[in-house]
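Observations on the model geometry
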Amino acid sequence: MRPTLLIAATLLFTISVAHAADPPPVTLVKNATLPLPIVIDASASERIQTAANDLAETLNQISGAKFSVTTDTTISPAIRLLDEGNPDSALDRERYRIRSEANGDLTLSGSTDLAVQHAVWDFLHRLGHRQYFPGEHWQITPNSPTLTVALDVTESPDYAARRIWPGFGFWKDDDSKQAHAEWEKRNRMGGGFDLNTGHAYGQLIRSQQATFDAHPEYYALVDGERHIVPQAKLCISNPGTRAAAVAYALEYFKNYPDADSVSIDPSDGGHWCECQDCANIGTPTDNAITLANTIAEALEKNHPERDLRVGLYAYNYHSEPPNIDVHPKVIASIATSFIKGGLSIDDLIAGWSAKDIDLGIREYYSVSTWDRDLPGASRGSNLDYLCETIPHFHQSGARFLTAESSSNWGCNGLGHYLATRIMWNTDEAKNRQAIIDDFLEKCFGPAREPMTEFYRLIDGSKSNASARLVFDDLLARMFRQLDAARQLAADHPKILVRIDDLILYTRHAELYDAYRTSTGDEHQSDFEAMIRHAYRSRDRFMMHSLALYRDVGRRDKTVTTPENAEWPVAEEDNPWKTSEPWTASEIDALLHNGITNHQPLELDFEPREYPDYPLTHAAQLHELNDATDGKAASARGLRSFFTLVENAGDKIHLDITGGQIAHYRDRGNVRVELWKLGGPSATGEDRTLVAEDASVPPDGETHRVTLAAAEPGSYRIDINDGADLTSVTWPEGQPMSWKMSLEDHPRSMSGRWYLYFYVPKGTQRIGLYATATGGEVRNPAGETALDFTTSGDNSGTFLSVEVPEGMDDKLWKFHHMAGKACLLNVPPFLARSANELLIPTN
């Protein structure tokens, strides 16, 4: 159990920790006078020298005193930085201790110089210093002219490698890379073990180019020919290929003698070797592991004195667990996206763990191509996801975590910072609210209240999905919270700079939305405006300007970038680039225009949440109008059905046709899970997995799946086809309903669908959120109550339908629908008929 620290920040700054014997208090400085010297060894490494200077400079800023660094080890009392130089193993290089001594010393000692660096920044964190985002103005330095500490704490990280890195990299002509490195250092990121796992076959080929030129048979055989390209796959069954790979690895460690590992991860994509000998090895994973094992064995033989490792991803075609043994010196990092074969992350972790090797996680907190730095659009902004997955992966055995992300601190900054705390100590997930409160108070002070709402709006957690559905409404609320914050922080220039950063970020969200929704000449001009704004704001790190500049226009063939405005063209020659600082009046104008141009949405109904269980037959509670002609067989991705089992042992029959999109048939079999809702659970949760089936192949043929329920009650059936297209039907009259709420709905419906829903007695208006492009809502009389083809903006909007007198407590119908429609204030359950419809009992 980690010690609990009690921290009090006043003019007398005291830190205490619960131990059998309380540590003695040590005064570092009193009333900004007589600061203790910082003592390092005369032979201290450059890293420790830098850490000592960082400590001195930051303590100077905190106290107003002048702390100095000396190599005179006879001085006492003092603040001592000690490199103990005795890590127990390669994975113990970050262990440190901070303790106050009876003689008045404060000692920061570590197993390596990196551990000492961590001790310095942890100690400063305990004094109230923070580096929330990159950049000087996101650094928080408290004011305490007297510093007295009583502390004895030992720390080491839960993950041996911890990285959050921008996938598109950094501009070369600014300080973004250095600012990110400072943020990493001050938040104890990086790790003591250098795990290399990136795609490496291309690098292997280049390092042994003469060998590969002489032996084209070392390349993968694809469609009867050797696939000779820069990022090729290899013919791993060929002994010469494996020998070249060993030569590459030995050369790598010769060039990088301090490296802990070498990556042998395959190049991206497919084109695995199709020769018979490689087929005899097994799956792509088996081939990748065969090569990794060969290198691991060679490293053990050639460097028995070192604990060298071989890294690779469990990713894409080689994500599935291998069928062969894995050398213990191989580390596999499981990717959380781009998975072939249909296995879940937990399935992959369990399968690879069974090979008794060290595991890592290869995460995706933000990919610019996917989210374009929009609010709440990425995992890095999903605080629920971070607090759930980082501890879960660790509990499942992962000890390395690297996350691709973006330099988009406007939307992901709080998530990135929260992740650093949890990666070091997974128990910090339980302190989520305290960490967020600390951030809001220290960064925004008197403006904390509106900024709390601002960060709620951009939190990507599922429970907050409704806050982001109508983008114009979201922008309206973001701009207004920033305006309220600005007014409250008018006398606090440091806070105003942070708010201005977020105004520039919100302006990016506004510009990108204008670009993605416009057409014709406007689309081109909106694209240019978005790129110009991102580049000019790049020193604020709020959006990943390099990724936007490099990638958006490349993928959108309807816009053009003049040759002299391409992203590599230097600023002095580029008409789209300027580093002119934003003025206060310009930011005022952006804020004012944002408020003027976007109005908050006012709903004429009150949304209501409905539970998943207990469920009952709608027709048994109400005299429902007849309804028997519904259908909605096909959809993509994960969708859930709800059913009710009357008797123990009853069977649930499903007719499933997977693989309806032929070129997506590499997503694996259709996965079916049956969950019992409510009742006793071994895990204490409100649902229990009682049956699974993965027998339906993606072959376009219909297969019967039968699930047995041991107990009566409410059940949920999850169908996941890996985003292929799947049809699901069942015998007529079998109770079965879809849930169509904001949080629970199919990813996409295919073709036209017709389903019924129940409108409770007393309902005056039916509230919906729709992205439908066609279809109707029909009342019980069969009349059109809402026509989606004429309802306005179909990109996502809230709508409502009046319920005439006498038409409540009846079934209504979605008719001939194209797209999705979510029910917000009536039970969000839909069915093909009255007899099949289920609704919550409360």
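The residue numbers shown here count from 1 along each chain, following its written sequence. The model is predicted, so local features are restricted to residues of pLDDT at least 70 and side-chain atom pairs to those at 80 or more, both for listing and for counting; the totals for chains, interfaces and linings are taken over all residues. Working from all heavy atoms in the structure, the side-chain values ignore hydrogens and water.

A few words now on the nonpolar core. Put simply, a nonpolar core is a bunch of buried Ala, Val, Leu, Ile, Met, Phe, Trp, Tyr and Cys residues held in one set by side-chain atoms that sit within 4.5 Å of each other. The buried label applies to any residue whose accessible area, calculated with a 1.4 Å probe on protein chains only, is under 20% of its type's maximum; exposed applies above 50%, and partly exposed to all values in between. Formed by 124 residues in total, the largest nonpolar core has its most connected members in Y365, F439, F444, M451 and Y455. We count a stretch as a helix when DSSP gives it H or I for four or more residues in a row; a strand needs E for two or more, and each element gets its number in order from the N terminus. Counting residues per element, this core draws most heavily on helix 16 (residues 493–517), which supplies 11 residues. Setting aside chain neighbours within four positions, we find M451 in contact with L440, F444, L482, A485 and L502. Y715, V728, A770 and W812 belong to the second-largest nonpolar core, a separate cluster that totals 44 residues. Here, residues are in contact when the closest pair of their heavy atoms is within 4.5 Å.

Any two strands between which DSSP finds at least two bridges are classified as paired. In terms of strand pairing, strand 33 (residues 774–778) meets strand 34 (residues 784–787) through 3 bridges, oriented antiparallel. In the strand pairing of strand 34, R778 is matched with T784. The turn linking strand 33 back onto strand 34 is made up of 5 residues, and G782 within it adopts a positive phi angle of 85°.

Here the focus is the packing of aromatic side chains. A pair of aromatic rings is counted whenever rings of Phe, Tyr or Trp (Trp by its six-membered ring) have centres within 6.5 Å, and the orientation is called stacked for planes under 30 degrees apart, edge-to-face for over 60 and tilted otherwise. For the coordinates displayed, the defined rule picks out 38 aromatic pairs. When the centroid spacing of 4.7 Å and the interplanar angle of 70° are considered together, the rings of W183 and W409 count as edge-to-face. With a gap of 226 residues between them, W183 in helix 3 (residues 176–186) and W409 in helix 12 (residues 409–424) connect regions that are remote in the sequence. W409 carries the same exposure label as W183, and that label is buried. An aromatic cluster of at least three residues, connected via ring pairs, comprises Y132, F133, W138, W183, W409, Y417, F439, F444, F454 and Y455. Two conditions define a charge located above a ring, namely a distance within 6 Å from the ring centre to NZ of Lys or CZ of Arg, and an angle within 35 degrees of the ring normal. In this arrangement the basic side chain of R538 is found over the ring face of Y535, its NZ or CZ atom lying 4.1 Å from the centre.

For the rest of this paragraph, the subject is the pattern of salt bridges. For this document, the term salt bridge refers to a Lys or Arg side-chain nitrogen within 4 Å of an Asp or Glu carboxyl oxygen. Here the structure, examined in full by the defined rule, presents 49 salt bridges. One salt bridge in this structure joins R432 and D459, with 3.7 Å as the shortest N-O distance. Highlighted residues: R432 in helix 13 (residues 432–444) and D459 in the loop between helix 14 (448–458) and helix 15 (471–488), separated in sequence by 27 residues. A salt bridge links D655 to R704, with the nearest nitrogen and oxygen atoms 2.6 Å apart. Residue D655 is found in strand 24 (residues 651–657), and its partner R704 is found in strand 27 (residues 702–708); the two are separated by 49 residues along the sequence. Classification of D655 as buried rests on a relative accessible area of 18%. Three or more residues are tied together by salt bridges with common partners; here these are D54, E182, K185 and R186.

The strand order across the open sheet built from 7 strands is 14-13-21-20-19-18-17, with neighbouring strands paired in mixed fashion. Edge strands, defined here as strands with exactly one partner in the open sheet, are strand 14 (190–191) and strand 17 (261–263).

With that out of the way, let us pick up the sheet that holds strand 31 (residues 753–759). One open sheet accounts for 4 strands, arranged 31-36-33-34; its pairing is antiparallel. Each edge of the open sheet is held by one strand with a lone partner, namely strand 31 and strand 34. The average angle at which neighbouring strand axes cross in this sheet is 20°, direction not considered. Angular values range over 0 to 180 degrees, each being the angle between N-to-C directions of two axes fitted as lines to C-alpha atoms, with helices fitted over their stretch in contact.

With that out of the way, let us pick up the layout of surface pockets. Of the volumes computed, that of the second largest pocket is approximately 1200 Å³. Only protein atoms enter the calculation, which uses a 1 Å grid: trapped sets of points that fit a 1.4 Å probe without letting it out are cavities, open sets showing protein on both sides within 12 Å along at least five of seven lines are pockets, and any residue with an atom within 4 Å of a point is a lining residue. Surrounding the second largest pocket, 45 residues form its lining, R163, G190, D194, L195 and N196 being those nearest its centre. The element best represented in the lining of the second largest pocket is helix 3, accounting for 5 residues. Residues that form the lining of the second largest pocket fall into these classes: 19 nonpolar, 13 polar and 13 charged. Grid points are joined across faces, edges and corners, and a volume is the space filled by probe spheres set on the points. For this classification, Asp, Glu, Lys and Arg are treated as charged, while Ala, Val, Leu, Ile, Met, Phe, Trp, Tyr, Cys and Pro are nonpolar and the rest, including Gly, are polar.

Next up on the list: the confidence of the model for the chain. Every residue is assigned a pLDDT by the predictor, reflecting its confidence on a scale from 0 to 100. With 94% of its residues at a pLDDT of at least 70, the chain reaches an overall mean of 91. The low-confidence segment residues 1–20 (pLDDT under 50) makes 50 contacts with residues lying over four places distant or belonging to another chain.

This part covers the packing of helix 13 against helix 16. Direction vectors running N to C along helix 13 and helix 16 enclose 115°, while the axes themselves pass 8 Å from each other. Of the possible angle classes, the one that applies to helix 13 and helix 16 is roughly perpendicular. Residues K442, C443 and F444 of helix 13 pack against I495, R498, I499 and L502 of helix 16. Should an angle lie under 35 degrees it is considered roughly parallel, over 145 roughly antiparallel, and from 65 to 115 roughly perpendicular; all remaining angles are considered oblique.

Right, let's talk about empty space enclosed by the protein for a bit. As enumerated under the stated definition, the model contains 5 cavities of 30 Å³ or more in all. Roughly 90 Å³ of internal volume is contained in the largest cavity. In terms of lining residues, the largest cavity is bounded by G169, F170, W171, D174, S176, S407, R538, F541, M543, H544, S545 and L546. In this structure, the second largest cavity occupies an estimated 50 Å³ of space. S381, L383, C411, L414, G415, Y455, I458 and D459 together form the lining of the second largest cavity. Those elements giving two or more residues to the lining of the second largest cavity turn out to be helix 12 and helix 14. Counting residues per element, the lining of the second largest cavity draws most heavily on helix 12, which supplies 3 residues. Among the residues making up the lining of the second largest cavity, the classes are represented as 5 nonpolar, 2 polar and 1 charged.

The next subject is the side chain of S378. Secondary-structure assignment places S378 in the loop between helix 10 (368–371) and helix 11 (383–395). Looking at S378, its side chain comes within polar contact range of the main-chain oxygen of Y365, at 3.4 Å. Those residues in contact with S378 that lie beyond four places of it in its chain are Y365, S366, D371 and N412. Whenever a nitrogen or oxygen atom comes within 3.5 Å of another N or O atom, the pair is scored as a polar contact, on the condition that within protein one atom can donate a hydrogen and the other can accept it, and that pairs from neighbouring residues in sequence are kept only if both atoms are in side chains.

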